[in-house]
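Each chain, letter by letter, is given below.
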Amino acid sequence: MSIYSKKVFLVFCILFFVPEFSVRADAPDPVRRKNGMVVSASNLASKVGLQVLKKGGNAVDAAVAVGFALAVTYPSAGNIGGGGFMVIHLKDGKNITIDYREKAPINAASEMYFDEKGSVDTNKIQEGVLSSGVPGSVAGLIYALEKYGTLKLADVIQPAINLAEIGFPLEYRLAQSFKSYLDYFKKYESSLKIFSKNGLPYLEGEIFKQPDLAFTLKQIKEKGRDSFYKGKVAELIVQQSKKLGGIITLEDLENYQAVERQAITGSYKEFEVVSMGPPSAGGIGLIQLLNVLENLNFSKAEWGSSKYIHVLVEAMKYVYADRSVHLGDEDFYPVPKGWLLSKRYSKEIFGKISDEAIASEKVFAGNPKLYKESEETTHYSVYDGQGNAVSTTTTINSGYGSKVVVDGAGFLLNNEMDDFSVQPGFANQFGLIGSKANSIEPGKRMLSSMTPTIILKDGFPYLIAGSPGGSTILTVVLQVILNCINFKMDIQEAINQPRFHHQWLPDQIDYEEFGMAVDVIDNLVKRGHKIGQIKSLGRVEGILIDIENNIIFGATDPRGFGSAEGY
Ligand code: GLY
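Cut-offs applied
Residues numbered from 1 in each chain as written. Predicted model: local features only at pLDDT ≥ 70, side-chain atom pairs only at ≥ 80, totals over all residues. Heavy atoms only, no water. Helix = DSSP H or I, 4+ residues; strand = E, 2+ residues; numbered from the N terminus. Rg over C-alpha atoms; globule rule 2.2 N^0.38 Å. Buried < 20%, exposed > 50% of the residue type's maximum accessible area, 1.4 Å probe, protein only. Areas by Shrake-Rupley, 256 points an atom, 1.4 Å probe, with all protein chains shown as cover. Lys, Arg positive; Asp, Glu negative; His and termini not counted. Charge placed at Lys NZ, Arg CZ, Asp CG, Glu CD. Pairing = 2+ DSSP bridges. Axes fitted to C-alpha atoms, helices over the stretch in contact; angles between N-to-C directions. Core = buried A, V, L, I, M, F, W, Y, C linked by side-chain atoms within 4.5 Å. Contact = heavy atoms within 4.5 Å. Polar contact = N/O pair within 3.5 Å; in protein donor to acceptor, adjacent residues only side chain to side chain. Phe/Tyr/Trp six-rings, centres within 6.5 Å; stacked < 30°, edge-to-face > 60°. Lys NZ or Arg CZ within 6 Å of the ring centre and 35° of its normal. Arc of directions from axis to C-beta. Salt bridge = Lys/Arg side-chain N within 4 Å of Asp/Glu carboxyl O. pLDDT = per-residue confidence, 0-100. Parallel < 35°, antiparallel > 145°, perpendicular 65-115°, else oblique. Left-handed = near helix turned anticlockwise from the far one by under 90°. Nonpolar A, V, L, I, M, F, W, Y, C, P; charged D, E, K, R; others polar.

Focus on the overall build of the chain
For step 1, the next point in the chain: Counting its secondary structure elements, the chain contains 20 helices and 19 strands.
For step 2, the next point in the chain: Radius of gyration (C-alpha) of the chain: 23 Å, near the 24 Å computed for a compact globule of 567 residues.
For step 3, the next point in the chain: Overall, the chain is about 65 × 60 × 45 Å in size when its C-alpha atoms are taken along their principal axes.
For step 4, the next point in the chain: Counting the 567 residues in the chain, one finds 62% classified as buried.
For step 5, the next point in the chain: Per element, the accessible surface of the chain, about 22,000 Å² overall, is 54% carbon and sulfur.
For step 6, the next point in the chain: Averaging the positions of the 59 positive and the 64 negative side-chain charges in the chain gives two centres separated by 2 Å.

A closer look at the sheet that holds strand β18 (residues 551–555)
For step 1, the next point in the chain: Reading across the sheet, the seven strands line up as β1-β18-β17-β13-β12-β9-β8 and stay open at both edges, with antiparallel pairing between neighbours. Of all strands in the sheet, those bounded by a partner on one side alone are β1 (31–33) and β8 (264–268). Between one strand axis and the next, the sheet turns by 25° as a mean value, whatever way the strands run.
For step 2, the next point in the chain: Pairing geometry for β8 and strand β9 (residues 271–275), over five bridges, is antiparallel. Of the residues in β9, the one forming a bridge with Tyr268 is Phe271.

Comments concerning the nonpolar core
For step 1, the next point in the chain: Core analysis: the largest hydrophobic core is formed by 86 residues, its most contacted members being Leu478, Ile491 and Phe500.
For step 2, the next point in the chain: The greatest single-element share of this core, amounting to eleven residues, is contributed by helix α15 (residues 306–326).
For step 3, the next point in the chain: When residues no more than four places from it in sequence are discounted, the contact partners of Leu478 are Leu286, Leu289, Leu290, Leu293, Leu312 and Met316.

A look at the side chain of Asn483
For step 1, the next point in the chain: Here Asn483 lies in helix α18 (residues 473–485).
For step 2, the next point in the chain: Judged by its relative accessible area of 4%, Asn483 is buried.
For step 3, the next point in the chain: A distance of 3.0 Å separates the side chain of Asn483 from the backbone oxygen of Ala494, its partner in a polar contact.
For step 4, the next point in the chain: Asn483 has contacts with Trp303, Tyr308, Lys488, Met489, Ala494 and Gln497, leaving out every residue within four places of it along the chain.

Regarding the packing of aromatic side chains
For step 1, the next point in the chain: Enumeration over the complete set of coordinates arrives at 22 aromatic pairs.
For step 2, the next point in the chain: Plain terms: the ring middles of Phe185 and Tyr400 are 5.1 Å apart, the flat faces sit at 85° to each other, and that makes the pair edge-to-face. Taken as a pair, Phe185 and Tyr400 share a single burial class, namely buried.
For step 3, the next point in the chain: Plain terms: the ring middles of Phe195 and Tyr400 are 5.5 Å apart, the flat faces sit at 70° to each other, and that makes the pair edge-to-face.
For step 4, the next point in the chain: By the ring-pair criterion, three or more aromatic residues cluster together here, those being Phe168, Phe178, Tyr181, Tyr184, Phe185, Phe195, Tyr202, Phe208 and Tyr400.
For step 5, the next point in the chain: Looking at Lys403, its charged tip hangs above the ring of Tyr184, at a distance of 4.8 Å from the centre.

Side note on helix α17 (residues 343–352)
For step 1, the next point in the chain: Of the positions making up α17, those classed as buried are Tyr345, Ser346 and Ile349. Across the axial projection of α17, the buried residues extend over an arc of 100°, all falling on one side. Turned more than 90 degrees away from the buried face of α17, the exposed residues are Arg344, Lys347 and Gly351.
For step 2, the next point in the chain: Close packing links the buried residues of α17 with α14 (282–293), α15 and α16 (337–341).

Re the pattern of salt bridges
For step 1, the next point in the chain: A complete count under the given rule lists 25 salt bridges for this structure.
For step 2, the next point in the chain: Note that Asp99 is salt-bridged to Arg261, the shortest N-O span being 2.7 Å. Here Arg261 lies in strand β7 (residues 259–261) and Asp99 lies in strand β4 (residues 95–100), a separation of 162 residues in the sequence.
For step 3, the next point in the chain: Look at Asp99 and you get buried, because its relative accessible area is 0%.
For step 4, the next point in the chain: A relative accessible area of 15% means that Arg261 is categorised as buried.
For step 5, the next point in the chain: With its nearest N and O atoms 3.6 Å apart, the salt bridge here joins Asp507 to Lys530. On the criterion of sequence distance, the pair formed by Asp507 in the loop between β14 (500–501) and β15 (509–511) and Lys530 in the loop between α20 (518–526) and β16 (531–534) is long-range, its members being 23 residues apart.
For step 6, the next point in the chain: For Asp507, a relative accessible area of 18% gives the class buried.
For step 7, the next point in the chain: Salt bridges here are not isolated pairs; linked through shared partners, they connect Asp99, Arg261, Asp331 and Arg445.

A short note on the confidence of the model for the chain
For step 1, the next point in the chain: Averaged over all residues, the pLDDT of the chain is 93; the fraction at 70 or higher stands at 94%.
For step 2, the next point in the chain: Within the model, the stretch residues 1–24 combines pLDDT values under 50 with ten contacts to residues more than four positions away or in other chains.

Points about the packing of α14 against α15
For step 1, the next point in the chain: At a minimum axis distance of 10 Å, the contact between α14 and α15 shows a crossing angle of 140°. It follows that α14 is oblique to α15 by the angle criterion. Viewed along their axes, α14 and α15 form a crossing whose handedness is right-handed. Taking contact as the criterion, the partners of Gly285, Gln288, Leu289, Val292 and Leu293 in α14 are, on α15, Val311, Leu312, Ala315, Met316, Val319 and Asp322.
For step 2, the next point in the chain: Taken together, the residues that form the contact of α14 with α15 break down as eight nonpolar, two polar and one charged.

Examining the packing of helix α3 (residues 59–73) against helix α5 (residues 137–148)
For step 1, the next point in the chain: Orientation of α3 relative to α5, taken along the N-to-C sense of each, is 160°, at an axis distance of 9 Å. As summarised for this structure, α3 and α5 are arranged roughly antiparallel, according to the angle between their axes. Of the two possible hands of crossing, α3 and α5 adopt the one that is left-handed. Across the interface between the two elements, Val60, Asp61, Val64, Gly67 and Phe68 of α3 pack against Leu141, Ile142, Ala144, Leu145 and Tyr148 of α5.
For step 2, the next point in the chain: Classifying every residue of the contact of α3 with α5 by side-chain character gives eight nonpolar, one polar and one charged.

Quick word on unusual backbone geometry
Across the chain, the bulk of peptide bonds are trans and the bulk of non-glycine residues have phi less than zero.
For step 1, the next point in the chain: Following Pro278, the chain continues to Pro279 via a peptide bond in cis, the omega torsion being 15°.
For step 2, the next point in the chain: Of note, Pro279 is situated in the loop between β9 and α14.
For step 3, the next point in the chain: The residue after Leu505, namely Pro506, is reached through a cis peptide bond having omega 0°.
For step 4, the next point in the chain: Even without a glycine there, the phi angle at Tyr400 is positive, about 65°.
For step 5, the next point in the chain: By the element assignment, Tyr400 lies in the loop between β11 (389–395) and β12 (453–457).
For step 6, the next point in the chain: Judged by relative accessible area, which is 0%, Tyr400 ranks as buried.

Set out below in structure tokens:
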């Protein structure tokens, strides 16, 4: 287009179209479709989900297909050897959450992770088979499909089988990811076999085939969840675990069940918030933060100001202090949900926020008795255009989990045991500390920060979002929600914006590169804040629905390499 015709086009647009969004230099428009949308961290997996929607599957069918596909195309986090949470909003108005978080093996005990001096040995809890919890993903995905899907398992798992068997060309960032973890894979023969070519890194564009994983997926297709929890695959898991000093038994696998739990709900302004409850700290923490922030209204101009960052950070300190004491697996520990989620308690937190930063050492978890009454996880969002929405976050914990592939079965085991509080005061890989509520107990689910969320407006899905990022997940999700609701950003813009994070301990604000101008930092320091590290915070995969105009907007996070696919 010549400069002249560009000008004519621009004048035409200004005269005849009402622009939906302000003109920006920092973000392309989100993907905009009418009938359905799938957003995940892998474009191949997003396309699998889209095909399922196009064939008439509902959002749950598509989400389950994406879940299995991610295990093949995004192995650092997509998985069948880990766990996750699925939050579903059905067109009939029901909110459902499915918990398929990993569980501590029945023989697990904190002492197993100590060295001779009684100190935590991070090599044991963060890597290798001893760091693995009993996987829940296969149980959870099949549970969701059977209860809320409309298609057969064979139909939704076949695309993943094809991707594993026929293979796919490695895109640059995936090939780079395998290369950057090569030293880890060299420690485990079974892993090196999968993620390298006889010890040499794969190159961009080379076809990546996973015949062992194709075998496992075919077993699941033919024999259902029992093949994984009782059959040949279960035997291979136990064999691998035993060989490398792990403790997962056949009994652990046989006993594993996905659980449907009541959704955690709250409100923010005129919106309803639906998220994941314990064993995730995400939903409760997100709603606590939104409750606190409801007491304030920031103008558009205040976005990114030191005042805005200050208030959010102060609220984060209180919420993470509560997390460290009150949150854990509700099957083992009574989480004071009602109190934590109450507007009254959040008002009290808000009342403690002054113009000056409070030192984290002076912030303590609230006491419910005084009242009457968290590369690498991955998220995907699906909307089917019929009113059904699915928000799923799944994980094997660190990038490539325990780094151990189950030999013969072709998938990685998680290193989720590090999400437990192994010793009071000991910070896990995310710097999180905990207490009895999240101590290791046989059969217990470790506390998570995953925050798969659906925001409803007038009862209809408005925003579907979630993120990886360990302890940072809920503050990342919070900021995207605030960007959409308060600052009227479109979903792509809301996701692209630089973010910040505070988790009470360590007492510091981490932030993204170019995320805080130097005078903003100066002002925060004057208020008493400590400035931490510059790092990437989260990778949000989001969908925003404009019900009135029947438009579905999808956006993948530019921090990753996923895609939004719709029709
Ligand atoms: N493994 C990270 C989380 O669940 O929070």
